[in-house]
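Chains, contacts and geometry: an overview
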Amino acid sequence: NIAYYDQKLYEKEIFSEHLIEDFDEAIEKHHLRVYLQPKYAIQGEKPVLQSAEALIRWNHPEIGMIRPDLFVPLFEQNGLVRRLDRFVWREAAALTAGWKKKFGRVIPISVNVSRIDIYDPNLPEEFLALMEEYGLQPADYLLEITESAYTEETDQLIASVEKLRGLGFKVEMDDFGSGYSSLNTLSILPIDALKLDMGFVRGMESDPKKLRLVEIVSEIDKYLAVPMIAEGVESEEQLDLLRELGCDIVQGFYFSRPVPPEEFEQFITPDAGRPA
């Protein structure tokens, strides 16, 4: 094999080093911020705010807004993702506790648990300590684990997830359909919700094959007897199709793009979430 080192690779390397060097300052000065995208229950007479997903955004003082796909994989490679995750977890817990006090409602926030974190034997105790610090219950907090994580060291991961669920935490399988879960593996996985990858939703209203795939996933979801969540919903037509297929919860630009916490509060109504 022959590899060529060119200007593009050089610039990418410099950019990556720049981000790593600026990580501490980004945390301290809140250049890294948690944005929230609402998740709506759609099987009732009208959509009702059910929960939110925490999404990280980096507004760099020199570079401007940096997409997560440009820095999250980088931090996964060098281990900084552990600190990034904990920053998001704490911010999400603080927001949930603040809304509980302000609105008298619990709006659970789902946070990502990386493949690195899920194998940490101290993770359950760490989450419990976070709940105690902010006066929350495990049911007030949602954990998202990407499907691809379930294909690695399955036995160990199942044991970790079962311990978290045993403590009362709800676990969602994120990006379902983007990994390689076998049907046999799905039958033994401990999950509380199945989150459909947005690639299935995009174009489903005009592509019969995509629509059929969503129908199949819906059948799998019913077999697992857990709620189905769809992300990337952008139109009323998509919303109606998902409702007909039995999808329970959706998120996407149809309702809102990810927004800062102060903007998210506009979605919180007396019937949102559940009573504190």
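Computed from a predicted model, the values in this text were never measured in an experiment.

Extensive coverage of strand β7 (residues 170–176) is indicated by the burial of 5 of its 7 residues. Here strand β6 (residues 141–146) runs beside β7; their pairing, made up of 5 bridges, is parallel. Bridge pairing links Thr146 to Asp174 in β7. The pairing of β7 with strand β8 (residues 193–196) spans 3 bridges and is parallel. Note on β8: the bridge partner recorded for Glu172 is Ala193.

Another point: the side chain of Lys195. Of note, Lys195 is situated in strand β8. Residue classification places Lys195 among the buried residues on the basis of a relative accessible area of 0%.

Take the environment of Met228 next. Within the secondary structure, Met228 is located in strand β9 (residues 228–230). Given the relative accessible area of 1%, Met228 is considered buried. The spatial distance from the C-alpha of Met228 to the C-alpha of Leu245 is 10.0 Å, given a sequence separation of 17 residues. If sequence neighbours within four positions are ignored, Met228 has contacts with Leu194, Leu196, Val214, Val217, Ser218, Asp221, Cys247, Asp248 and Ile249.

Let us now look at the packing of aromatic side chains. Scanning all chains against the criterion turns up 11 aromatic pairs. For the ring pair Trp58 and Phe71, a centre distance of 5.4 Å and an interplane angle of 80° mean the geometry is edge-to-face. You can see Trp58 sitting in strand β2 (residues 48–60) and its partner Phe71 sitting in helix α2 (residues 68–78), a full 13 residues away along the chain. With relative accessibility at 0%, the residue Phe71 sits in the buried group. Arranged with centres 5.0 Å apart and planes meeting at 85°, the rings of Tyr254 and Phe255 form a pair that is edge-to-face. Aromatic rings pair up to connect Phe23, Trp58, Phe71 and Phe75 into one cluster.

What follows is about the environment of Met204. Along the polypeptide, Met204 turns up in the loop between α8 (198–201) and α9 (208–224). Spatially, the C-alpha atoms of Met204 and Tyr134 are 41 Å apart, while their sequence positions differ by 70 residues. Contact partners of Met204, with chain neighbours within four places excluded, come to Lys210, Leu211, Val214, Gln238, Leu241, Leu242 and Leu245.

All right, on to the pairing of β6 then. β6 sits mainly inside the fold: 6 of its 6 residues count as buried. Judged by which residues are buried, β6 turns out to be covered on both faces: Tyr141, Leu143 and Ile145 on one side and Leu142, Glu144 and Thr146 on the other are all buried. Two strands pair when backbone bridges link them, and strand β5 (residues 109–112) and β6 are joined in this way by 4 bridges, in the parallel orientation. By the bridge assignment for β6, Ile109 is matched with Tyr141.

The terminal C-alpha atoms of helix α3 (residues 81–103) lie 32 Å apart, and with 23 residues this matches the ideal 33 Å at 1.5 Å per residue to within 8%. A positive phi of about 70° marks Gly104, the residue just after α3.

All right, on to the pattern of salt bridges then. What the rule picks out here adds up to 25 salt bridges. Note that Arg86 and Asp117 form a salt bridge whose closest N and O atoms lie 2.7 Å from each other. Pair noted here: Arg86 is in helix α3 and Asp117 is in helix α4 (residues 115–118), with a separation of 31 residues, a long-range link. When its relative accessible area of 0% is taken as the criterion, Asp117 is described as buried. Here the residues in one salt-bridge network are Lys39, Glu53, Glu144, Glu172, Lys195 and Glu231, joined through shared partners.

Below, the discussion takes up the side chain of Thr96. Summarising the element assignment, Thr96 is placed in helix α3. The exposure class assigned to Thr96 is buried, which follows from its relative accessible area of 1%. A polar contact is formed between the side chain of Thr96 and the backbone oxygen of Ala92, at a distance of 3.0 Å.

What follows deals with the nonpolar core. Core analysis: the largest hydrophobic core is formed by 78 residues, its most contacted members being Leu32, Tyr141 and Phe264. The element that contributes the greatest number of residues to this core is α3, accounting for 10 residues. Contacts of Phe264, omitting those with residues within four sequence positions, involve Leu36, Gln37, Pro38, Leu49, Ser51, Ala52, Trp99, Ile107 and Val259.

Mean pLDDT over the protein works out to 91, with 94% of the residues at or above the 70 mark. Taken element by element, the predicted model of the protein shows its lowest mean pLDDT in helix α7 (residues 183–188) (68) and its highest in strand β1 (residues 32–41) (97).

Cut-offs used in this document
- Residues numbered from 1 in each chain as written.
- Predicted model: local features only at pLDDT ≥ 70, side-chain atom pairs only at ≥ 80, totals over all residues.
- Heavy atoms only, no water.
- Buried < 20%, exposed > 50% of the residue type's maximum accessible area, 1.4 Å probe, protein only.
- Helix = DSSP H or I, 4+ residues; strand = E, 2+ residues; numbered from the N terminus.
- Pairing = 2+ DSSP bridges.
- Contact = heavy atoms within 4.5 Å.
- Phe/Tyr/Trp six-rings, centres within 6.5 Å; stacked < 30°, edge-to-face > 60°.
- Expected span 1.5 Å × (residues − 1).
- Salt bridge = Lys/Arg side-chain N within 4 Å of Asp/Glu carboxyl O.
- Polar contact = N/O pair within 3.5 Å; in protein donor to acceptor, adjacent residues only side chain to side chain.
- Core = buried A, V, L, I, M, F, W, Y, C linked by side-chain atoms within 4.5 Å.
- pLDDT = per-residue confidence, 0-100.

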